[in-house]
Amino acid sequence: MMFASVKQSGVAVNAPRRLGGASRLARGRANRAAVRCEAGKDEKLPKLPKSPREQVGQAAEAVRRAAANGKKQLAIEFTLPLIGATDLDDWPGGIRQQYQAVAPMVGELLKQIGTDGNAAEVRQKIVDDADAVVVLSTAGAKAMVFPTAETLGDLKSIVTENDGLLATINNQIRTNDDGSNLISDLGIGPWRKKNEEFLASFELTYWISEQRIQGETVRLLKSYPHPWQLFVLTDMASGSAEPECIKTFDEKPSYKELESLLMSREGSVAAMSIIDRVKREAQFNATSVQTPPNNMDQK
């Protein structure tokens, strides 16, 4: 098996607790005072996916739409299903364990967007074993999983040689655009600018991520060419209703924008007092590992 020697890595990957349709502590409140998601004329916004399989299906549709518009270099961000999680650590095996979770999703995606269909053979090439940077490919499509600043040269070489679709999956290259890093992974001066321009050539085609903000569980969804959608899961009764899409954005919203929006919603968890939120968060943490996550749905 690939990556037999598994060790902890400090690299963060978009991998929240679960992929179910609602929060475990959901209470089910009625009729929030919030701005609803609105689709444009003749536009139908995608629903929030509830499983890895649905993520892959949505990503494949987004890739086909982007390809029809001449986009061949694509950026994709999946939420990973948990495998081997413990009470103390969602990913005790680090980035290599995360690769084992994402590889089946990428393989299925390549089959759906490649030229040979479901019968295609998915090949893999290890670029950086320590950071689980791997290139998966099939006829007409390739994907680099977990690209890092150290493997940027490899990605540039693939772009030069590639004539089909090429996607980056869960990019690990971080910049200081949001102030979270003191120094950008892309270097400084003209080197940074060239690297930023190179990465910008990859069209953001599909993205799904989860955050907890002021006690609220939210997910962001982007599916080309639709706008960003914000879903609130906190207030939905578990399994009884679709998560609520409360707003769309033309650009990816910042943490501060999301926090402000959530706190402005009358009766929401984010609008609670600090004491009430602390109590609720303690309850959430105490029960967060009691329900198994929706790990696969990959058959």
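Just so it is clear, the structure is predicted and the values come from calculations on it, not from any experiment.

Some remarks on the overall build of the protein chain
Piece 1. Check the secondary structure of the protein chain and you find six helices and nine strands.
Piece 2. Taken across its 299 residues, the protein chain has 48% of its residues classed as buried.
Piece 3. Once local pairs closer than 6 in sequence are excluded, the contacts in the protein chain between residues at least 24 apart make up 64%.
Piece 4. Accessible surface, the protein chain: about 14,800 Å² in total, of which carbon and sulfur atoms supply 50%.

Things to note about the pairing of strand 2 (residues 123–128)
Piece 1. When strand 2 meets strand 3 (residues 133–138), the two strands line up antiparallel, connected through five bridges. When the bridges of strand 3 are listed, Gln 124 appears paired with Leu 136.
Piece 2. Counting the residues between successive antiparallel strands, the hairpin from strand 2 to strand 3 contains four residues, one of them, Ala 132, with a positive phi of roughly 55°.

Let's talk about the packing of helix 3 (residues 152–161) against helix 4 (residues 189–200)
Piece 1. Look at helix 3 against helix 4: their axes get within 12 Å of each other, and the N-to-C directions meet at 50°. In terms of orientation, helix 3 lies oblique with respect to helix 4. Note that helix 3 runs across helix 4; the crossing there is left-handed. For the pair helix 3 and helix 4, the contacting residues are Leu 152, Leu 155, Lys 156 and Val 159 in the first and Asn 195, Phe 198 and Leu 199 in the second.

Regarding the pattern of salt bridges
Piece 1. One pass over the structure, following the stated rule, counts five salt bridges.
Piece 2. In this structure, Glu 210 and Arg 219 form a salt bridge, with 2.6 Å as the shortest nitrogen-oxygen distance.
Piece 3. Linking Lys 256 and Glu 259 is a salt bridge whose minimum nitrogen-to-oxygen distance equals 3.8 Å. Linking Lys 256 with Glu 259, this pair stays in helix 5 (residues 255–263), spanning three residues, or about one helical turn.

What about the environment of Asp 163?
Piece 1. Within the element layout of this structure, Asp 163 appears in the loop between helix 3 and strand 5 (165–169).
Piece 2. For Asp 163 and Ala 141, which are 22 residues apart along the polypeptide, the C-alpha to C-alpha distance reads 8.8 Å.

A closer look at the packing of aromatic side chains
Piece 1. In this structure the tally under the stated criterion is three aromatic pairs.
Piece 2. When the centroid spacing of 6.2 Å and the interplanar angle of 55° are considered together, the rings of Phe 78 and Tyr 206 count as tilted. With Phe 78 in the loop between strand 1 (73–77) and helix 2 (94–113) and Tyr 206 in strand 6 (residues 203–213), this pair connects stretches of sequence that are 128 residues apart. Tyr 206 carries the same exposure label as Phe 78, and that label is buried.

A closer look at the nonpolar core
Piece 1. In this structure, Phe 78, Tyr 99, Val 102, Leu 109 and Ile 169 are the most contacted members of the largest nonpolar core, which totals 42 residues.
Piece 2. At the level of secondary structure, the elements contributing two or more residues to this core comprise helix 1 (52–68), strand 1, helix 2, strand 3, strand 4 (141–145), strand 5 and strand 6.
Piece 3. Setting aside residues no more than four positions away along its own chain, Val 102 makes contact with Phe 78, Leu 80, Val 145, Phe 146 and Ile 169.
Piece 4. If you look at the next biggest cluster of nonpolar residues, it comprises 13 residues, including Ala 75, Leu 186, Phe 198 and Phe 202.

Let's talk about the environment of Ile 213
Piece 1. Looking at where Ile 213 falls in the secondary structure, it is placed in strand 6.
Piece 2. Overall, the relative accessible area of 0% leaves Ile 213 in the buried class.
Piece 3. For the pair formed by Ile 213 and Lys 256, sequence separation is 43 residues and the distance between their alpha carbons is 9.6 Å.

Observations concerning helix 5
Piece 1. Burial in helix 5 covers these residues: Leu 258, Glu 259, Leu 261 and Leu 262. Seen from one end, helix 5 has its buried residues packed into an arc of 165°, which puts them on one side.
Piece 2. If you follow the buried residues of helix 5, they end up packed against strand 6, strand 7 (216–223), strand 8 (228–232) and strand 9 (244–249).

Things to note about the packing of helix 1 against helix 2
Piece 1. Axis separation between helix 1 and helix 2 bottoms out at 9 Å; the angle between their running directions is 35°. Like other packed secondary-structure pairs, helix 1 and helix 2 cross with a definite hand, here right-handed. Listed contacts from helix 2 to Pro 52, Gln 55, Val 56, Gly 57, Ala 59, Ala 60, Val 63 and Arg 64 of helix 1 are Met 105, Glu 108, Leu 109, Gln 112 and Ile 113.
Piece 2. Class assignment of the residues belonging to the contact of helix 1 with helix 2 gives a composition of eight nonpolar, three polar and two charged.

Procedures and definitions
Residues numbered from 1 in each chain as written. Predicted model: local features only at pLDDT ≥ 70, side-chain atom pairs only at ≥ 80, totals over all residues. Heavy atoms only, no water. Helix = DSSP H or I, 4+ residues; strand = E, 2+ residues; numbered from the N terminus. Buried < 20%, exposed > 50% of the residue type's maximum accessible area, 1.4 Å probe, protein only. Contact = heavy atoms within 4.5 Å. Areas by Shrake-Rupley, 256 points an atom, 1.4 Å probe, with all protein chains shown as cover. Pairing = 2+ DSSP bridges. Axes fitted to C-alpha atoms, helices over the stretch in contact; angles between N-to-C directions. Parallel < 35°, antiparallel > 145°, perpendicular 65-115°, else oblique. Left-handed = near helix turned anticlockwise from the far one by under 90°. Salt bridge = Lys/Arg side-chain N within 4 Å of Asp/Glu carboxyl O. Phe/Tyr/Trp six-rings, centres within 6.5 Å; stacked < 30°, edge-to-face > 60°. Core = buried A, V, L, I, M, F, W, Y, C linked by side-chain atoms within 4.5 Å. Arc of directions from axis to C-beta. Nonpolar A, V, L, I, M, F, W, Y, C, P; charged D, E, K, R; others polar.

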